[in-house]
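# Analysis of the macromolecular model
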Amino acid sequence: MPIAAIYGPHDFSTSVRLPAAAPMPGPAGSGQRPTALPMPSLKWTPEVERDTAHLYERVKRVIPPVEWPLMAPAIRAINELKAARDAVILAHNYQMPEIFHCVADIKGDSLQLAVEATKVKASTIIQCGVHFMAETSKLLNPDKRVLIPDSRAGCSLASSITGTDVRLLRERFPGVPVVAYVNTSAEVKAEVDICCTSSNAVAVVESLNAPEVIFLPDQYLAKYVASKTGVKIIAWKGACEVHERFTGEELRSYREADPTVQIIAHPECPPDVLAEADFTGSTAHMINWVRQNRKKRIVMITECSMADNVQAELPDVEMVRPCNLCPHMKRITLTNILESLVYLREEITIDPAIAAKARRSVERMINLKN
Ligand code: 13P
Ligand code: SF4
């Protein structure tokens, strides 16, 4: 069924807006300046070439040989410093191939990263993703140091709604449970009943056994969920600035050019895009679909680094890559990952009172076995 209603910041005149930019770094966790390590040499030498040759094998289909000498020294240094810092690197599927295939220890979609974050043994987590993902890791690892290489890595969905907005929605719809997509700040997670990701959104909504649910902040994911369930969905007017740019017309033109092409799309896309897709799923579900179906030519309707990452892994599939980049994901680079390890920055901190409530919403989602 279509969504029942949709609200946005302008429907609540008392709502105090946060700036649309990404959150600023919090104060240093311990109050003490962390000790920096010496910055390693970044020279391209025969030793670097030898030590990174096995990693270049993984990315040679998507990174030209001429670029490798610029990346390999930082890659080798990052992999060495991880041990020195007792650190683990978590990377989202949208990270660039040199990060995803060459320095990440744990990779996946938002749900996989959240679940894997609960199992990390290392004392430091470097989150190669966006700020809300680093906050989620911190919520699940309050006693570990969680770093994000650039804390300006935001998300248009996370900045579309505040905790105040959620409280006002609750006043307008008393007793209606609230589900928040993980693409929200800890402040918003603290105000809701449960979180979800694009992997489990329908299951989370149905787990509440309620006739009506407030689902925020992605209006398109809300529409997708509403199309898959009988639960009445009240949505928020947020959107992903990357996925909302795709159009159904664009997808039709791919099919006209090659009627055998398979199109797979992320549920943050508008309904006219999803109507043209052969498969819709989270980033991890899309990757699994490609691995399992091995079609000749696949158009991946999502952030374009993910198609590069899959192309590097599966040379027999031709990935068509409409290149919509997420400017926030692209703030994470080899250079700032290296600086993050050398200087132990930028540390994620969350107000303990907010963290306790936000953690409960994330843990409820993780504990739903689906
Ligand atoms: P996934 O949970 O599907 O990885 O999505 C995260 C995201 O930010 C998509 O834009
Ligand atoms: Fe946010 Fe969209 Fe970027 Fe994902 S792709 S982090 S939803 S802006």
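Thresholds, definitions, all that
- Here the residue index of a chain counts from 1 through its sequence in written order.
- Starting at A for chains and at 1 for ligands, labels are handed out in the order in which the entities are written.
- With the structure being a predicted model, the display of local features is reserved for residues of pLDDT at least 70 and the display and counting of side-chain atom pairs for 80 or more, all residues being used for whole-chain, interface and lining totals.
- Domain boundaries shown here were taken from an automatic or database domain assignment.
- Contacts here follow a simple rule: the backbone-placed C-beta atoms of the two residues must lie within 7 Å.
- A run of H or I in DSSP becomes a helix once it reaches four residues, and a run of E becomes a strand once it reaches two; helices and strands are each numbered from the N terminus.
- Nearness rests on one distance test: the residue's C-beta atom, set from the backbone, must lie within 6 Å of the molecule or strand.
- Residues are grouped as follows: Ala, Val, Leu, Ile, Met, Phe, Trp, Tyr, Cys and Pro are nonpolar; Asp, Glu, Lys and Arg are charged; every other residue, Gly included, is polar.
- One less than the number of residues in a helix, times 1.5 Å, gives the span that helix is expected to have.
- Residues with at least 20 neighbouring C-beta atoms inside 10 Å of their own are called buried, those with 12 or fewer are called exposed, and the rest are partly exposed, where every C-beta is derived from the backbone.
- The criterion for strand pairing is that DSSP finds at least two bridges linking the strands in question.
- Think of each axis as a best-fit line through the C-alpha atoms, taken over the contacting stretch in the case of a helix, with angles from 0 to 180 degrees between the N-to-C directions.

## Some remarks on the domain arrangement of the protein
Per the domain assignment, the segments of the protein are domain 1 (1–241 + 326–370) and domain 2 (243–325). The straight-line distance from the C-alpha centre of domain 1 to that of domain 2 is 22 Å. Each side of the interface is counted separately: domain 1 has 29 residues, and domain 2 has 24 residues. Listed by contribution, the elements that provide at least two residues to the side of domain 1 that touches domain 2 are helix H1 (46–59), helix H3 (97–100) and helix H9 (219–228).

## Points about the site of ligand 2
As a matter of local geometry, ligand 2 sits amid 13 residues, with Cys155, Ser156, Cys240, Val242 and Cys326 nearest to it. Grouping the amino acids of the shell around ligand 2 by side-chain chemistry returns seven nonpolar, three polar and three charged.

## Quick look at helix H2 (residues 68–85)
Given a rise of 1.5 Å per residue, 18 residues ought to cover 26 Å, and the 25 Å separating the end C-alpha atoms of H2 matches this to within 8%. Among the residues of H2, Trp68, Met71, Ala72, Pro73, Ala74, Ile75, Arg76, Ala77, Ile78, Leu81 and Arg85 are the ones counted as buried. Among the structural elements, H1, strand S2 (87–92), H3, strand S4 (124–128) and helix H14 (334–343) are those in contact with the buried residues of H2. One or two steps after H2, the chain reaches Asp86, where phi turns positive at roughly 50 degrees.

## Observations regarding the sheet that holds strand S5 (residues 145–147)
In space, the four strands of this open sheet follow the order S3-S2-S4-S5, with parallel pairing throughout. One side of each edge strand has no neighbouring strand; the edge strands of this open sheet are strand S3 (106–108) and S5. Ignoring which end each strand starts from, the neighbouring axes of this sheet average 20 degrees apart. Taken together, the three bridges between S4 and S5 define a ladder with parallel strand orientation.

## Let's talk about the sheet that holds strand S13 (residues 318–320)
Spatially, four strands are ordered S11-S10-S12-S13 in an open sheet, and the strand pairing comes out parallel. Because the sheet does not close on itself, it has two edges, and the strands there are strand S11 (279–280) and S13. The pairing of strand S10 (residues 262–265) with S11 spans two bridges and is parallel. Along S11, the bridge assignment pairs Ile264 with Phe279.

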